[in-house]
Amino acid sequence: MFSRKRDLADSPATEPSASSADVAGTSSAADSSDSPSRPGSKGRPTPKRSESQAKNKRPLVPNDRKAARKANREKARTERNREYQAMQTGDERFMPARDKGPVRRYVRDYVDARWNVGEFFLPVAFVFIFLNLLFIQNPTMASLVLLALYAVVFITLIDVVVMWQRLKRRLRDKFGTLGVDGKKDYYVPRGTMMYAAMRALQIRRSRLPKPMHKKHGHWPE
């Protein structure tokens, strides 16, 4: 019994586990293997997908709505002023979309070069309205004034139709392409007729964009 205890005492102790230094060395080696020093590394850890999405999110409704409305109004006012200045100077870069393009510019130049009955319609209409009020006690004269006003309206419409027929032929000759039969075909953009008619019915000085020439007779090429 005593010899067995002596053998146990003299036997070497159980091999201890790996020291903390060895563990630290192993972990540092692992860290060094993942360090950004290897080729192709970004030098920083890749962010999580949730973090990237959260960073790119923007609130749909601004925190300060009053300031946002004020900024929008200021932006809209600046845009309107820029468009107005462009229509005064003829700079098509900042004109509204309805006034841009070579076709619309040609239409404006043609209408401005022509003497249109419609540009005198508003002053004449005010005169007839005044005469109608003046002869309100005289039914016969009031009826004659009203008939004369209708005649002016009819003549104005006829003049607009004639203007458009001539302008349409000019647009075909200017912007049309040769078809199979050797004749020029041209598809008139939608709204061009109304654009020309509304400009012809306006007083020349009040037209926007402003005419490029102060007097009539400068026909577009």
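Residues numbered from 1 in each chain as written. Predicted model: local features only at pLDDT ≥ 70, side-chain atom pairs only at ≥ 80, totals over all residues. Heavy atoms only, no water.

It is worth spelling out the packing of helix α5 (residues 102-113) against helix α7 (residues 139-175) at this point. Each pair of packed helices gets described by two things: the angle between the helix axes and the distance between those axes. Two elements in contact, α5 and α7, have axes whose closest approach is 11 Å; the angle formed by their N-to-C orientations is 135°. The angle between α5 and α7 places the two elements in the oblique class. For the pair α5 and α7, the crossing hand works out as right-handed. Contacts from P102, V103, Y106, V107, Y110 and V111 of α5 reach α7 at M163, R166, L167, R170, L171, K174 and F175. The residue inventory of the contact of α5 with α7, partitioned by class, reads 10 nonpolar, no polar and 3 charged. (Axes fitted to C-alpha atoms, helices over the stretch in contact; angles between N-to-C directions. Helix = DSSP H or I, 4+ residues; strand = E, 2+ residues; numbered from the N terminus. Parallel < 35°, antiparallel > 145°, perpendicular 65-115°, else oblique. Left-handed = near helix turned anticlockwise from the far one by under 90°. Contact = heavy atoms within 4.5 Å. Nonpolar A, V, L, I, M, F, W, Y, C, P; charged D, E, K, R; others polar.)

This brings us to the pattern of salt bridges. The full count for this structure, using the stated rule, is 10 salt bridges. One salt bridge in this structure joins D112 and R199, with 3.0 Å as the shortest N-O distance. In this pair, D112 is assigned in helix α5 and R199 in helix α8 (residues 192-200), connecting sequence segments 87 residues apart. A residue is classified by how much of its surface remains accessible, and D112, at 5% relative accessible area, is buried. Look at R199 and you get buried, because its relative accessible area is 4%. D112 serves as the salt-bridge partner of R207, at 2.8 Å between the closest nitrogen and oxygen. Of the two residues, R207 sits in the segment after α8 while D112 sits in helix α5, which places them 95 residues apart along the sequence. Here R207 matches D112 in class, with each residue buried. A single network of salt bridges, built from pairs that share partners, joins D112, E119, R199 and R207. (Salt bridge = Lys/Arg side-chain N within 4 Å of Asp/Glu carboxyl O. Buried < 20%, exposed > 50% of the residue type's maximum accessible area, 1.4 Å probe, protein only.)

With that settled, consider the confidence of the model for the protein chain. Residues of the protein chain with pLDDT of at least 70 account for 73%, and the chain-wide mean is 80. This model gives residues 1-9 a pLDDT under 50, and the stretch forms 0 contacts once residues within four places in sequence are excluded. Confidence over residues 11-37 falls short of pLDDT 50; this stretch has 3 contacts with residues more than four positions distant or in other chains. (pLDDT = per-residue confidence, 0-100.)

Now for a positive patch on the surface. A surface patch of like charges, here positive, comprises R65, K66, R69, K70 and R73. Looking at the secondary structure, you find R65 in helix α4 (residues 65-89). For R65, a relative accessible area of 52% corresponds to the exposed category. (Patch = residues over 30% accessible without salt bridge, like charges linked within 9 Å, V, L, I, M, F, W, Y side chains within 5 Å. Areas by Shrake-Rupley, 256 points an atom, 1.4 Å probe, with all protein chains shown as cover. Lys, Arg positive; Asp, Glu negative; His and termini not counted. Charge placed at Lys NZ, Arg CZ, Asp CG, Glu CD.)

A few words on the packing of aromatic side chains. Evaluation of the coordinates by the stated rule reveals 4 aromatic pairs. Each ring, one from Y106 and one from F175, has its centre 5.9 Å from the other, and the planes form 85°; the classification is edge-to-face. Taken together, the positions of Y106 in helix α5 and F175 in helix α7 put the pair 69 residues apart, joining distant regions of the chain. One aromatic cluster is present, built from ring pairs that chain together Y106, F175 and Y186. (Phe/Tyr/Trp six-rings, centres within 6.5 Å; stacked < 30°, edge-to-face > 60°.)

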